[in-house]
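Here are the chains, one letter per residue:
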Amino acid sequence: MTTPRPRTYRLLGPDGRTRTSSLPGTLGGYRPDRIYGRLDCPSARRAIAAGGYVRHRVFFADEPTALAAGYRPCGVCLPTTYLRWKARQGEQRR
């Protein structure tokens, strides 16, 4: 009997480079728009169901990693986090 290989996952690191992990990501992202959100995001699910998005999907271990990689929170599934992020962006422009 063959021992199954441990599952590995491809996650984006804080430097934007892909890494392998034995743990799945907790957040999903969309590379072209540099947005991250929950894995059950209704907006992402609609895009996937319409036949798009999957090719450009990335995954993150956690929120600090997504932010460090230059991604912003999704306004649909993370509205409070998005508003805080947006307020910080306005402060940085002043």
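As shown above, the structure is provided for reference.
The numbers attached to residues start from 1 for each chain and follow its sequence in the written order. Local features in a predicted model are, by the rule used here, given only for residues with pLDDT of at least 70; side-chain atom pairs are given and counted only at 80 or more, and totals for whole chains, interfaces and linings are based on all residues. Neither water nor hydrogens contribute to the side-chain values; these are computed over all heavy atoms in the structure.

1. Quick word on the state of the cysteines
Inference 1: Any two cysteine sulfur atoms within 2.5 Å of one another count as a disulfide. Summed over all chains, the structure comprises zero disulfides.
Inference 2: Free cysteine: Cys74, not disulfide-bonded; nearest cysteine sulfur from Cys41 at 3.8 Å.
Inference 3: Buried residues are those whose accessible area, probed at 1.4 Å on protein chains only, stays under 20% of the maximum for their type, while exposed residues exceed 50% and partly exposed ones sit between those limits. We classify Cys74 as buried; its relative accessible area is 9%.

2. Thoughts on the environment of Gly25
Inference 1: Secondary structure follows DSSP: runs of H or I at least 4 residues long count as helices, runs of E at least 2 residues long count as strands, and numbering of each begins at the N terminus. For Gly25, the position within the fold is in the loop between strand E2 (18-21) and strand E3 (27-30).
Inference 2: Judged by its relative accessible area of 15%, Gly25 falls in the buried class.
Inference 3: Between the C-alpha atoms of Gly25 and Trp85, which are 60 residues apart in sequence, the distance is 21 Å.
Inference 4: Here a residue-residue contact requires only that any non-hydrogen atoms of the pair lie within 4.5 Å. If we ignore the near neighbours within four places in the chain, the residues touching Gly25 are Leu11, Leu39, Phe60 and Ala61.

3. Observations regarding the sheet that holds strand E5 (residues 57-60)
Inference 1: Between any two strands, at least two bridges found by DSSP are needed for them to pair. Across the sheet, which stays open at both edges, the four strands sit in the order E5-E3-E4-E6 with mixed pairing between neighbours. A strand with exactly one partner marks an edge of an open sheet, and here the two such strands are E5 and strand E6 (72-73).
Inference 2: Pairing of E3 with E5, which is carried by four bridges, proceeds in the antiparallel orientation. Bridge pairing links Tyr30 to Arg57 in E5.

4. Some details on the nonpolar core
Inference 1: Residues belong to a common nonpolar core when they are buried Ala, Val, Leu, Ile, Met, Phe, Trp, Tyr or Cys residues joined through side-chain atoms within 4.5 Å. With 16 residues, the main nonpolar core has Tyr36, Phe60 and Tyr71 as its most contacted residues.
Inference 2: Among the elements of the structure, E3, strand E4 (35-38) and E5 are those that each provide at least two residues to this core.
Inference 3: Residues contacting Tyr71, with those up to four places away along its chain left out, are Leu12, Tyr30, Arg31, Arg34, Ile35, Tyr36, Val58, Phe60 and Ala66.

5. Re the side chain of Thr81
Inference 1: For Thr81, the position within the fold is in helix H3 (residues 79-93).
Inference 2: Among residues more than four places away in sequence, those in contact with Thr81 are Tyr36, Glu63 and Pro73.

6. Side note on the pattern of salt bridges
Inference 1: When a carboxyl oxygen of Asp or Glu is within 4 Å of a side-chain nitrogen of Lys or Arg, the pair counts as a salt bridge. Applying the stated rule across the entire model yields two salt bridges.
Inference 2: For Arg38, the salt bridge is made with Asp40, and the minimal N-O distance between the two is 2.7 Å.
Inference 3: Assessed through its relative accessible area of 34%, Arg38 is described here as partly exposed.

7. What about the pairing of E2?
Inference 1: Of the strand pairs in this sheet, strand E1 (residues 9-12) and E2 are connected by four bridges, and their pairing is antiparallel. From the neighbouring strand, Tyr9 faces E2, where its bridge partner is Ser21.

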